[in-house]
Amino acid sequence: MSRILRKISVLTLALLIAGPIWADELAIRNCGWCHGMSGQGYSKAPRLAGQRRDYIVNQLRAFATHQRDETLGVKYMWNATANLDPLTAGKLADYFSALPPEAMKDGESDLVVDGRAIFENGVPDENIPACQACHGPQAQGVRALPRLGGLSFLYLKRRLEDWAQGRDLSGTPMPRIAAALSPTQIAALASFLSFVEVGASER
Amino acid sequence: MRAAHWRVALQAALASFLTAATLSADAGEKYVHAARGAEAKFEYCTTCHGPSAQGFRGFYVMPRLAGQPAQYIENQLLAFLQQRRRNPVMANVAHGITPSMFPALAKRMSALNPPPFGGAPSGEAALGREIFAHGLPDQNVPACSACHGPDAKGQREIPRLAGQLYWYMVQTLSLWNSERGQGGREDISWIMRPTVANLTPKQIQAVAEYVSALR
C-alpha cells in the first residue's frame, strides 16, 4: 500500500470512529442543558443520573410516541425526543444510568417519618400499596422500575399529582396508585424519597 | 439529516424551558379518591398483581392469581393473616381486609383468564415437562400432575401452576420451608415438603420454566 493510501485509510477510520462519538457527545450536552451536565437534574428537569437504563429507554419512547402526556412532558420532552433514533436513545440511557446519583434532599424533614411508613407498608385500609414491593426496599428500582431515592421533592410531587389528577394515563399501575393518595400523603412520600441516598450495597 | 432535525426540535424545547415561568402544580387541588368497598379492594389487589391478575414482576414478584382455585386463594389469605405463611408485604395487605371479604375477592380472581406473563428463560422445558408429568422416581420426587392436575390448573386447596411466573415458582420452591407451613405439621403446606427437599435447583428451574408457559 502506498503511503498516501495508508494515510487516507487511517483518516477514514478516524472519521468513522470519531463521527458517532461526536454525535453522542452533542446529544448528551443537549440533554444536559436542562437536566444538568452531570445529569443531577436542574429546575423542572428531573435527575437522570443513576436512573435505571430500561426505564430511561421506555420513557424516551413514551415521550417520542406522545404516550407520556403530562403538561411538562409535552412542553419539553416531546420536542427533545422528536427524531431521536432508538440507537442514540439507548446510548443516552447507558450514559445517564451509569452516572452516580446524588440525593436532592429538598423535601420537608418533618414529613419523612410519615413518608417512610407509607413507602414501606402502604396504607392497607386506604387501598394504598407498599411502594417498596415494586421500587425496592431502598427505593433503588430495578430493570424498568425507576429509582425513586433522592429524586427531587418537587419532581416527585408533581409526577404523583399529575397522575392523581388524570394526566399521563398511558401506563399501569401508577395512575391508580396516585389517585388513592391525598395531597398530604404525596407531600410525605416526596419528602421522604428526596432524602434517600444510594444504598451502601450499590456503591 | 436526522440529527439535524433533532437538533432544531431540541433547540425549540430548550428555548421554552429557559424562558418558562414557574409552573408548579397547584397543591391545594383535591384528588378524586377511589371508591371504597369490594370493587375498590379488588382494584387495589390488581395494582400489584397486574390489571387482570396475571402477575407482575416488580422488585419482588407478585404471583398470578388469575384462574387460581378460590379455595386456595382463601387459604393463603388466612395463612398470611395468621402468619403461618411468612411475607411482610402480604401480611400487611391481609390486615386491610376482613375475612368476610375473602370469598368475593377469591371468586373474582378465580374467574379471570389472561395469557401467561411470560419472560422465563428457555432451554429446559423438556426436563420440566418430564418432572411435571412423571416425577423423578429415582429421587423420590412425585409427579406434580398427580396433585396439581394434568393441565396444572389445580383444584380446591391445590394451586394452579399454569402460567405462574417463573421467578415466583423458583423462589417459592427454593424457600418453601422458611416461608410456608409455619403453623406446624397439620398445615396443608407440609404436603409439599418432601417434594421440595428432593428437587435440585436446576430441576426447580426446569419445572418452573415449563409450567410458566402453560395456558
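Residues numbered from 1 in each chain as written. Chains lettered and ligands numbered in written order. Predicted model: local features only at pLDDT ≥ 70, side-chain atom pairs only at ≥ 80, totals over all residues. Heavy atoms only, no water.

Student: Is there a simple way to think about unusual backbone geometry in this case?
Tutor: Excluding glycine, residues mostly have negative phi values, and the peptide bonds linking residues are mostly trans. Residues and elements named next belong to chain A. A cis amide bond, omega -5 degrees, links Thr 172 with the succeeding residue Pro 173. Along the chain, Pro 173 turns up in the loop between α7 (153–164) and α8 (174–179). In this structure, Asn 83 takes a positive phi of about 65 degrees despite not being glycine. One can find Asn 83 in the loop between α3 (71–81) and α4 (86–98). Notably, Lys 105 is not glycine yet its phi reads approximately 55 degrees, a positive angle. Inspection of the secondary structure assignment puts Lys 105 in the loop between α4 and α5 (112–121). Residue classification places Lys 105 among the partly exposed positions, given a relative accessible area of 41%. (Helix = DSSP H or I, 4+ residues; strand = E, 2+ residues; numbered from the N terminus. Buried < 20%, exposed > 50% of the residue type's maximum accessible area, 1.4 Å probe, protein only.)

Student: It is not clear to me how the packing of α5 of chain A against helix α9 (residues 183–194) of chain A should be interpreted in this structure. Could you clarify?
Tutor: Relative orientation and spacing of two packed helices are given, respectively, by the angle between their axes and the distance between those axes. Residue and element names in this part refer to chain A. Between α5 and α9, whose axes approach to 7 Å, the crossing angle comes to 95 degrees. As judged from the angle between their axes, α5 and α9 are roughly perpendicular. Contacts from Val 112, Asp 114, Gly 115, Arg 116, Ile 118 and Phe 119 of α5 reach α9 at Gln 185, Ala 188, Leu 189, Ser 191, Phe 192 and Leu 193. The residue makeup of the contact of α5 with α9, split by class, is 7 nonpolar, 3 polar and 2 charged. (Axes fitted to C-alpha atoms, helices over the stretch in contact; angles between N-to-C directions. Parallel < 35°, antiparallel > 145°, perpendicular 65-115°, else oblique. Contact = heavy atoms within 4.5 Å. Nonpolar A, V, L, I, M, F, W, Y, C, P; charged D, E, K, R; others polar.)

Student: What's the story with the domain arrangement of chain A in this structure? I'm lost.
Tutor: Interface size is often expressed as the accessible area that is lost when the parts come together. All names here are of chain A. For chain A, the domain assignment lists domain 1 (3–98) and domain 2 (109–194). At the junction of the two partners, domain 1 supplies 16 residues and domain 2 supplies 19 residues. When the two sides are added together, the surface that domain 1 and domain 2 hide from each other amounts to roughly 1500 Å², 46% of it contributed by carbon and sulfur. When residues of domain 1 are sorted by the area they lose upon contact with domain 2, Arg 47, Arg 52 and Tyr 55 head the list and together hold 37% of the total. Here domain 1 is connected to domain 2 by 0 salt bridges. Here domain 1 is connected to domain 2 by 10 residue pairs in polar contact (both at pLDDT 80 or more). (Domains from an automatic or database assignment. Buried area = accessible area lost by both parts, 1.4 Å probe. Salt bridge = Lys/Arg side-chain N within 4 Å of Asp/Glu carboxyl O. Polar contact = N/O pair within 3.5 Å; in protein donor to acceptor, adjacent residues only side chain to side chain.)

Student: What am I meant to see in helix α8 (residues 166–174) of chain B here?
Tutor: In an α-helix there are 3.6 residues to a turn, and that puts residues three or four apart on one side. Burial of α8 of chain B is extensive: 7 of the 9 residues sit out of reach of the surface. Considering only its buried residues, α8 of chain B is in contact with β1 (56–57), β2 (61–62), α9 (176–179), α10 (193–198) and α11 (201–212) of chain B.

Student: How do you make sense of the state of the cysteines when you look at a structure like this?
Tutor: Working definition: the covalent bond between the sulfur atoms of two cysteines is a disulfide. This structure, assessed with the given rule, holds 0 disulfides over all chains. Of all cysteine sulfurs in the structure, the one in Cys 34 of chain A sits closest to Cys 31 of chain A, which takes part in no disulfide; the separation is 8.8 Å. Of all cysteine sulfurs in the structure, the one in Cys 48 of chain B sits closest to Cys 45 of chain B, which takes part in no disulfide; the separation is 9.0 Å. (Disulfide = S-S within 2.5 Å.)

Student: How do you make sense of α3 of chain A when you look at a structure like this?
Tutor: Those residues of α3 of chain A that fall on the buried side of the exposure criterion are Leu 72, Gly 73, Tyr 76, Met 77, Trp 78, Ala 80 and Thr 81 of chain A. Following α3 of chain A by one or two positions, Asn 83 of chain A adopts a phi angle in the positive range, close to 65 degrees.

Student: Please clarify how the pattern of salt bridges should be interpreted in this entry.
Tutor: Side chains carrying opposite charge are able to pair once their charged atoms draw close together. For the coordinates displayed, the defined rule picks out 13 salt bridges over all chains. Salt-bridge contacts for Lys 202 of chain B lead to Glu 124 of chain B; the nearest nitrogen and oxygen are separated by 4.0 Å. In this pair, Lys 202 of chain B sits in helix α11 while Glu 124 of chain B sits in the loop between α5 (102–110) and α6 (125–134), placing the two residues 78 residues apart along the sequence. A salt bridge links Arg 156 of chain B to Glu 157 of chain B; the nearest nitrogen and oxygen atoms lie 3.8 Å apart. Among the charged side chains, a salt-bridge network with shared partners connects Arg 53, Asp 54 and Asp 94 of chain A.

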